[in-house]
Amino acid sequence: MFLPKRIALIVLAWFIFNNAYAQPAAQVNVLTFSVKPLLPADVNSWTTIPAAIILVVQAGPQSNGLVKPVFTIKQSGSKVCGNTSAATNAISITPTHNFTTGEVIGSLSNCPKLKAGSYTLCVQFFNEDNREVSKEICKEFRVDDQVQNAFCNPPQNIGPADRKIFTENEFLIPKTFTWAPFVTSNRAIVIYRLTVWEIEEGQGEAQAMYDNFPVLQEDVQGITRYTAKPSTWERRNATYVWRVEALDREGKPICKANASSPTQFSFLFRDNDQPADSTITEDENICCKDSIKNVSKTITVVGTSLNIVQNFTLSPNNITKINAEIAFVSESTSDTSCRSCAVNEAAVWKFISMNKAIWNSGLPNNASPNNASGTYPAQNIIWFCNAQGNLKFDLKIALPGIPSTSCKRKGKLGIRYKFTDADCRTCEQYIIYDYTIN
């Protein structure tokens, strides 16, 4: 009698186990569950991504349709964030329920910003007594540094429109830059950085943006417009290129596709003595009546500085102000021995003392953009004067540091010289200097 009784107890235990545990597992059927393979680090932003999470479930035949969904994000099997059945209210899934991404994210509240790596999103259902009524099902996804690229639409330039030409009558009107907003799944506050570069003679848009120093750079938060004062531009023929970047609060790109396509605009002036119906080309600097001749130039490298001697002849009007501006830098280095930090990084590609302007072999007019410690380098130097004739510049510009005598470096540096005469007309000469460091 002992053996049959023991068998009976085993059978009874098996029956109880299956009814208590196995049977509830069939009370919820997961019909569809998918997660996009690449998702942003900000979990809250998933609601802006179409079909980021698809979950369709069905109540089993023995279920009353009231269940508690538990969602968990895991990395390497360890829980990163999620809810629990004890803290979750029961919802009805009779006969089926299609979970939105928002419902899932609501259960995953307070998740941290995910670091780059592989994760799983898991779902499991419990009844009102917090007992399992389904198995846990997990789907893999990944977060990486470039994932935001798939969910970003960069800003679009609106005005000034591409190839817009502003006439002399429009010069004193403030120029308003407008653009279509940046669209992204990231809900962070957007900082728009507007940058404008002048396109020098012989340059294309890309080279101007890469090598030249900006004429204008402004950050605005949230709004998609910026108005520049007329004093931003010099009264002369010139062509500019502008674009807008979308940045976060730390000044970093929100995603790779964060910049608008470049757009050009120009200023075009007519000489007062020229008939109104005469033909004007963009390359003419017809508002300048002074003769400026580039007589000679010499370039030498001494240590970590570039020394330039530049000679001009100017006539027939007296020049009252001179401006020398470093506008273009392009250096090609393939020698790894050249790649090191300079002693003063803030001074690289800037004027350092002393810089001289000498009229007609007279006494030098010194301009020093820094003190003895070299802490105030300048990209722009201005001399005030009242002269014409022969003008000699003696300039000194800091180069990146050279760690060894084996360093070989080649580069180009562009300086824009501006001359303002007694009639307040501005003329310019743009000169590119080639240098080699062996």
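First, a word on what this report is: a plain description of the structure on this page. (Residues numbered from 1 in each chain as written. Predicted model: local features only at pLDDT ≥ 70, side-chain atom pairs only at ≥ 80, totals over all residues. Heavy atoms only, no water.)

### What about the nonpolar core?
By size, the foremost hydrophobic cluster in this structure holds 34 residues, and its most contacted members are Phe393, Leu413, Ile415, Tyr417 and Phe419. Listed by contribution, the elements that provide at least two residues to this core are strand E20 (305–332), strand E21 (355–359), strand E23 (380–398), strand E24 (409–421) and strand E25 (426–437). Among the elements that make up this core, the one with the highest residue count is E20 (nine residues). Once residues lying within four places of it in the same chain are set aside, the contact partners of Phe419 are Ile292, Phe312, Leu314, Ile319, Lys321, Ile322, Leu391, Phe393, Arg425, Thr426, Cys427 and Gln429. (Core = buried A, V, L, I, M, F, W, Y, C linked by side-chain atoms within 4.5 Å. Buried < 20%, exposed > 50% of the residue type's maximum accessible area, 1.4 Å probe, protein only. Helix = DSSP H or I, 4+ residues; strand = E, 2+ residues; numbered from the N terminus. Contact = heavy atoms within 4.5 Å.)

### Examining the packing of aromatic side chains
As enumerated under the stated definition, the model contains 23 aromatic pairs in all. By the ring-pair criterion, three or more aromatic residues cluster together here, those being Phe166, Phe171, Phe177, Trp233, Tyr240, Trp242, Phe265 and Phe267. The ring of Phe166 has Lys175 lying over it, and the distance from NZ or CZ to the ring centre is 5.0 Å. Lying over the aromatic face of Tyr433, Lys297 brings its terminal NZ or CZ to 5.2 Å of the ring centre. (Phe/Tyr/Trp six-rings, centres within 6.5 Å; stacked < 30°, edge-to-face > 60°. Lys NZ or Arg CZ within 6 Å of the ring centre and 35° of its normal.)

### As for the state of the cysteines
Disulfide: a covalent bond connecting the sulfur atoms of a pair of cysteines. Counted according to the given criterion, the structure contains two disulfides. Across a sulfur-sulfur distance of 2.0 Å, Cys122 and Cys138 are joined as a disulfide pair. Handedness here is read from the sign of the S-S torsion; for Cys122 and Cys138, about 110°, the answer is right-handed. With a gap of 16 residues between them, Cys122 in strand E7 (residues 117–126) and Cys138 in strand E8 (residues 137–143) connect regions that are remote in the sequence. Under the relative-accessibility criterion, Cys138 is labelled partly exposed at 35%. (Disulfide = S-S within 2.5 Å.)

### Some remarks on unusual backbone geometry
Negative phi characterises most residues that are not glycine, and trans characterises most peptide bonds. The omega torsion across Thr94 and Pro95 is -10°, close enough to zero to call that bond cis. Relative to the helices and strands, Pro95 is located in the loop between strand E5 (91–92) and strand E6 (96–99). Cis geometry is adopted by the peptide bond preceding Pro160, which originates at Gly159 and carries an omega value of 5°. Along the chain, the position of Pro160 falls in the loop between strand E10 (156–159) and strand E11 (164–166). Positive phi, close to 70°, is recorded for Arg163, a residue that is not glycine. Among the structural elements, Arg163 can be located in the loop between E10 and E11. On the accessibility criterion, Arg163 (54% relative accessible area) is exposed. One non-glycine residue, Ser361, lies in positive phi territory at about 60°.

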